[in-house]
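Breakdown of the fold
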Amino acid sequence: MAKQIQAIRGMHDILPEQSPHWHWLENQARQILAAYGYQEIRLPIVEKTELFKRSIGEVTDIVEKEMYSFDDRNGDSLTLRPEGTAGCLRACLEHGLLHNQSHRLWYYGPMFRHERPQKGRYRQFYQLGVETYGMPGPDVDAELIALTERLWRTLDIRDQVELQLNTLGTSEERLAYRGKLVDYFQQHLDLLDDDSRRRLDSNPLRILDSKNPDMQAILSQAPVLLDHLGDDSLAHFNQLTAMLDDLGIRYALNTRLVRGLDYYGKTVFEWVTDQLGSQGTICAGGRYDGLIEQLGGKANHAIGFAMGMERILALIEQSGHVALAPVTDAYLIRVGERAERVGLILAERLRNALPELKLQVNCGGGSFKSQFKKADKSGAAWAIIIGDDEAAHDSVALKSLRIEQEQQTLQHSELIRTLDAWLHDSTV
Ligand code: ATP
Ligand code: MG
């Protein structure tokens, strides 16, 4: 036998038994996004490498070591998108969506990062992202947080997650603070790990984000950006927290939350859980007004977030209840040549009359016994049975597979009425 080919490490199949969970999560999210007036934008999976280098920043984990980049046949360097913010903004600039307009957008799909695969960290993973343009906040900042909080409540995981909030001020404020931070770290150079020493010149704020337990003591004494903000940035932050208080949304101030990407300013936030081991951030975002000019647009406003669908699903499956609709309502058993013909026609008639009915027709023949086994396995509530007898009389036998109930013999039109009543009234 030929050797089987396996999937790429860190890239996973979503098998049919998992799909209903994904659909459920996706549908809840879509419904909430629609309720807040957000519109979907669909974007290419591949973009020019330059786009990510210029937006995410050269000195970030993503650009330094995680991108799937390759030269296409023309010699252009392309990259499988590691995130959606850059592509979304590129599209909106390209199509003139930022001219005197505001937009509330969302996108959904796979992202690619060459990371070390582990639980909650994959090389292909799904993000649902939201981006808004043209609104200076902090009202829309609060709206984004309220929207995500509503989703956690809907998914019944609100108790498992905590909102961490910080502000990064303006780029001028960050620059001044950066100097103080570098001074501080210079005085404690011997306590920094290699990664942090390397970042001291290139991206010192990112050091604050280090998870290295040996560095926590020195980090906890580091100067705090919040103490070095101007009036405008402080007002933005204070108004945001007041709005969250009005909405009854609890948050924890985390002055070391910096989000790693160069383009963030003012509001940044993460939803974090302690139930998923070290991959505990299920949703992260922030304001990135500065990125628009960086990508060649006119000064404008933007704030967004992205959530990791695998981590959210893991949390739901671990702790919440997933309200899944059954895959099959009814299973049509056909034994005999005539029954097969009559059954095929009846199935289409049922689908005409009852578009919501999930009907599986037995294909590939088999005895009553083996077809019943398959019916049971399908999870269907009903078996519709046609043998020679029923085929000759345009009737069916209807048997409940879930509750004790006498089997009934019905004409085709009676069957439609019975299933119709069952679909629309759960007491039948
Ligand atoms: P992390 O600190 O976990 O590496 P990040 O800061 O790189 O996260 P973002 O770029 O902010 O992540 O992406 C937003 C969300 O997407 C994360 O909070 C997480 O839920 C999810 N995510 C990011 N990278 C991965 C991955 N490799 N596998 C699965 N989910 C991921
Ligand atoms: Mg990462």
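Up top is the structure.
Residues numbered from 1 in each chain as written. Chains lettered and ligands numbered in written order. Predicted model: local features only at pLDDT ≥ 70, side-chain atom pairs only at ≥ 80, totals over all residues. Heavy atoms only, no water.

**Digging into the overall build of the protein chain**
Within the protein chain one finds 15 helices and 16 strands. Over its C-alpha trace the protein chain gives a radius of gyration of 28 Å, far above what one expects of a compact globule, namely 22 Å for 428 residues. Across its three principal directions, the C-alpha atoms of the protein chain cover 90 × 60 × 45 Å. The buried share among the 428 residues of the protein chain stands at 50%. (Helix = DSSP H or I, 4+ residues; strand = E, 2+ residues; numbered from the N terminus. Rg over C-alpha atoms; globule rule 2.2 N^0.38 Å. Buried < 20%, exposed > 50% of the residue type's maximum accessible area, 1.4 Å probe, protein only.)

**Remarks on the sheet that holds strand 4 (residues 77–80)**
An order of 2-4-3 is seen for the three strands of this open sheet, with the pairing classed as antiparallel. Where the open sheet ends on each side, the last strands, each with one partner, are strand 2 (46–48) and strand 3 (68–71). Between one strand axis and the next, the sheet turns through 35° on average, direction left out of account. As paired elements, strand 3 and strand 4 share four bridges and run antiparallel to each other. Bridge assignment links S69 to a residue of strand 4, and that residue is T79. Against the sheet, helix 2 (residues 49–56) makes contact with strand 2, strand 3 and strand 4, and its axis sits at roughly 75° relative to strand 2, the strand it touches most. (Pairing = 2+ DSSP bridges. Axes fitted to C-alpha atoms, helices over the stretch in contact; angles between N-to-C directions. Contact = heavy atoms within 4.5 Å.)

**With respect to the site of ligand 1**
Among the 15 residues in the neighbourhood of ligand 1, the closest are listed as R113, E115, R121, R259 and T281. Q127 is positioned with one of its side-chain polar atoms (N or O) 3.0 Å from an oxygen atom of ligand 1. In isolation ligand 1 offers 590 Å² of accessible surface; the protein chains occlude 85% of this area. The leading source of residues in the shell around ligand 1 is strand 10 (residues 281–287), at four residues. Split into classes, the residues belonging to the shell around ligand 1 amount to six nonpolar, four polar and five charged. (Near = heavy atom within 4 Å. Polar contact = N/O pair within 3.5 Å; in protein donor to acceptor, adjacent residues only side chain to side chain. Areas by Shrake-Rupley, 256 points an atom, 1.4 Å probe, with all protein chains shown as cover. Nonpolar A, V, L, I, M, F, W, Y, C, P; charged D, E, K, R; others polar.)

**Quick look at the packing of helix 6 (residues 171–187) against helix 7 (residues 194–202)**
One way to put it is that helix 6 packs onto helix 7 with a least axis distance of 10 Å and a crossing angle of 145°. For the crossing formed where helix 6 meets helix 7, the hand is left-handed. On helix 7, the residues that touch R178, V182, F185 and Q186 of helix 6 are L200, D201 and S202. The residue makeup of the contact of helix 6 with helix 7, split by class, is three nonpolar, two polar and two charged. (Left-handed = near helix turned anticlockwise from the far one by under 90°.)

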